[in-house]
Amino acid sequence: MSQKKVMIHISGSGILQDDVVMIGEKFLKYWKIPAGRPLQLAFGSFKQEVTIISVPKFEGMRVSPILAERCGLTSRTVLKIRYFDSSRTLRIGPLISVLISRDHPDKLDRPFGSITMFCSELVRACQKRGAYVYFITPNHVDSVTGQIEGWVYDEGWKKRVMPIADVVNNRLTSRKLENKPSVQHFVKEVKSRYGTVTYNEKFLDKNEVFEALKSESSLRRYLPESHSLKSFAVLKNMCQTYPVIFLKPVRGSLGKGIIRISRQSDGTYMTLSTQLGGVQKQVYSSLTKLFAGLSGKMKTTKYQIQQGLHLMDIGKKPVDFRALVQKNRAGNWKVTSIVARIAGGSHFVSNLARGGSLSTVKEAVNKSLLSSDVKKNAYVSLHKAALSIAEGIEATIPAHFGELGIDLAMDYSGKVWLIEVNSKPSKNDNTPLTDNKIRPSVITMLDYSAYLAGF
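Residues numbered from 1 in each chain as written. Predicted model: local features only at pLDDT ≥ 70, side-chain atom pairs only at ≥ 80, totals over all residues. Heavy atoms only, no water.

Asks: So what's going on with the nonpolar core? Residues and values would help.
Replies: Ranked by internal contacts, the top residues of the largest apolar core, which has 42 residues, are Val21, Ile23, Phe43, Ile52, Met61 and Leu90. Residues in contact with Val21, not counting those within four places in the same chain, are Leu41, Val50, Thr51, Ile52, Ile53, Met61, Arg62, Val63 and Leu67. (Core = buried A, V, L, I, M, F, W, Y, C linked by side-chain atoms within 4.5 Å. Buried < 20%, exposed > 50% of the residue type's maximum accessible area, 1.4 Å probe, protein only. Contact = heavy atoms within 4.5 Å.)

Rendered as structure tokens:
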């Protein structure tokens, strides 16, 4: 079964019957597609019996306006094509949908808010590589039929009725939206009815990740001691073992709600907590009073308590590293990028949302006080850790992920530590694009989607 790209042309009204498809003679010979006999045309969940007509000296596929409308296709769309002789099926695709949190139909210049640029970039990548993408929100998935309304780009953002896609990339940024019964029902139904594959299936919480990875002996070296904070005894044990500990909301993101607890020389405990306006400082005379101060928060927020680490810094600003690890066109994990994140101002977390800044790994380690040997091996150590952790997540957590944001840190001995794993890496943390550039991360996402769709 061979595959190649073909350009779809839409004929003038009334010129071509709705169940007839014209394909260039050269392509028919290449794919060994029988002309003049009925076969099934498939595009995502759309299926229709058509007759193929061979056209000399024509390099493309021509369909009627009605057939194009049923597929949701526009003229001069470039797609890959596969012919399956055993089932007499001609598949075009891949058809990809991206499930995003919200849309703004009244703002057609930026219908998806801060991720509009990413969505446009994915459209351009599809046009270049031979694929078709549309965007849906939880409001679009209330009922499951063979069609769904979604956003496409056709000389501007437009809503169009589309077939159910071969692949759904779950880019929801809210657990509440992801857990909606309609969203869960949609994912389950499109899989059972149409064989649609959904990836980045769910959010990860911090305790789930650390507990799962502890079961892999080769990964334990990357894990700072971590527990679920459920009692005073756990807090007391960790505070007596380590001079600094961190409390992290199990389901937090962007550095929100993190509390740093440090034991002072006079026996008191100082907390620093991330707030909207900066960092709040508080001192408690005893652990008992500290726990009492936390009890109110613990009623509404589950915390992970974690060993504090003496990590590399630049001018007393903590540094960590974000590795983007993705599945590639062969279905294997690969490290797409690693960047250093330097905390901003008085913050003790490095998230860009908290005023942090980005740097290359090389620039960051060269500005630090790491030894020359550690500097030389830093990137390789981070790369190895990121890849191993992604493979560990796949082996120990029963969900389908195609992309992981893995936050790592490095101490002054060169040891790499895992901070957290994010199954929905932000598409806003990137530098602005220039000259309609398409990032490797977007190409890799498209390649993996094509792989899952069988293209």
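Asks: Explain the packing of aromatic side chains residue by residue, including any values.
Replies: What describes a pair of aromatic rings is the distance from one ring centre to the other and the angle between the planes of the rings. Taken as a whole, this structure holds 11 aromatic pairs when the rule is applied. With a centroid separation of 6.2 Å and 75° between ring planes, the pair formed by Phe43 and Tyr132 is classed as edge-to-face. Of this pair, Phe43 sits in strand 3 (residues 38-43) while Tyr132 is found in strand 9 (residues 132-136), placing the two residues 89 residues apart along the sequence. Take Phe43 and Tyr132: they sit in the same class, and that class is buried. (Phe/Tyr/Trp six-rings, centres within 6.5 Å; stacked < 30°, edge-to-face > 60°. Helix = DSSP H or I, 4+ residues; strand = E, 2+ residues; numbered from the N terminus.)

Asks: Any chance you could break down the sheet that holds strand 17 (residues 269-275) for me, citing the residues and the numbers?
Replies: Strand order in the open sheet made by the 6 strands is 14-19-15-16-17-18, with antiparallel pairing throughout. The sheet is open, and its two edges are formed by strand 14 (226-228) and strand 18 (278-284), each paired on a single side. Across the sheet, the mean angle separating the axes of adjacent strands is 20° when strand polarity is ignored. Taken together, the 7 bridges between strand 17 and strand 18 define a ladder with antiparallel strand orientation. Directly across from Tyr269, in strand 18, lies its bridge partner Tyr284. Its contacts with the sheet put helix 7 (residues 232-241) on strand 14, strand 15 (244-249), strand 16 (259-263), strand 17 and strand 19 (303-307), and the angle it makes with strand 19 is roughly 20°. (Pairing = 2+ DSSP bridges. Axes fitted to C-alpha atoms, helices over the stretch in contact; angles between N-to-C directions.)

Asks: Describe the pattern of salt bridges, with residues and values.
Replies: Applying the stated criterion across every chain yields a total of 18 salt bridges. Of the charged contacts in the structure, one is a salt bridge between Lys159 and Glu149, with a shortest N-O distance of 4.0 Å. With Lys159 in strand 11 (residues 157-163) and Glu149 in strand 10 (residues 147-153), this residue pair connects regions lying 10 residues apart in the sequence. Accessibility expressed as a relative area gives 37% for Lys159, which makes it partly exposed. In this structure, the salt-bridge partner of Asp447 is Arg329, at a minimum N-O distance of 3.2 Å. Here Asp447 is found in helix 11 (residues 440-453), whereas its partner Arg329 is found in the loop between strand 21 (317-327) and strand 22 (333-342), with 118 residues between them in sequence. We classify Asp447 as buried; its relative accessible area is 12%. We classify Arg329 as exposed; its relative accessible area is 57%. (Salt bridge = Lys/Arg side-chain N within 4 Å of Asp/Glu carboxyl O.)

Asks: Please give an account of the packing of helix 6 (residues 206-214) against helix 10 (residues 372-396) that cites residues and values.
Replies: For the pair helix 6 and helix 10, interaxial distance at closest approach is 9 Å and the crossing angle is 90°. Between helix 6 and helix 10, the crossing angle belongs to the class labelled roughly perpendicular. Seen from helix 6, the contacting residues are Val209, Ala212 and Leu213; seen from helix 10, they are Ile389, Gly392, Ile393 and Thr396. Broken down by class, the residue content of the contact of helix 6 with helix 10 amounts to 5 nonpolar, 2 polar and no charged. (Parallel < 35°, antiparallel > 145°, perpendicular 65-115°, else oblique. Nonpolar A, V, L, I, M, F, W, Y, C, P; charged D, E, K, R; others polar.)

Asks: Can you break down helix 8 (residues 287-300) residue by residue, with the values?
Replies: Over its 14 residues, helix 8 runs 21 Å from end to end, which matches the ideal 20 Å to within 8%, given 1.5 Å per residue. Its axis deflected by about 35° at Leu294, helix 8 carries its strongest bend there. Every buried residue of helix 8 is listed here: Leu287, Leu290, Phe291 and Leu294. Next to the buried residues of helix 8 lie helix 7, strand 15, strand 16, strand 17 and strand 18. (Expected span 1.5 Å × (residues − 1). Bend = angle between axes of the 7 residues up to and from the residue.)

Asks: Can you lay out the pairing of strand 12 (residues 167-170) for me, pointing to particular residues and giving the numbers?
Replies: Of the two faces of strand 12, the one holding Val167 and Asn169 and the one holding Val168 and Asn170 are both buried throughout. Here 4 bridges tie strand 8 (residues 95-99) to strand 12, and the two strands are oriented parallel to one another. Bridging across to strand 12, Val98 finds its partner in Asn169. Looking at chain direction, strand 12 and strand 13 (residues 197-199) are connected through 3 bridges and run parallel. By the bridge assignment for strand 13, Asn169 is matched with Tyr199.

Asks: How would you summarise the packing of helix 7 against helix 8 if you had to cite specific residues and measurements?
Replies: Two elements in contact, helix 7 and helix 8, have axes separated by 11 Å at closest approach and are oriented at 130°. Between helix 7 and helix 8, the interaxial angle falls into the category oblique. Of the two possible hands of crossing, helix 7 and helix 8 adopt the one that is right-handed. Across the interface between the two elements, Phe232, Leu235, Lys236 and Cys239 from helix 7 touch Leu287, Thr288, Leu290, Phe291 and Leu294 from helix 8. (Left-handed = near helix turned anticlockwise from the far one by under 90°.)

Asks: Which residues make up the side chain of Ser101, and what are the values?
Replies: Within the secondary structure, Ser101 sits in the loop between strand 8 and helix 3 (116-129). Judged by its relative accessible area of 11%, Ser101 is buried. One polar contact links Ser101 to Thr173, side chain to side chain, over a distance of 2.9 Å. Excluding anything up to four places from it in sequence, Ser101 contacts Thr137, Pro138, Arg171, Leu172, Thr173, Ser174 and Leu177. (Polar contact = N/O pair within 3.5 Å; in protein donor to acceptor, adjacent residues only side chain to side chain.)

Nothing here speaks to function; it is all geometry.
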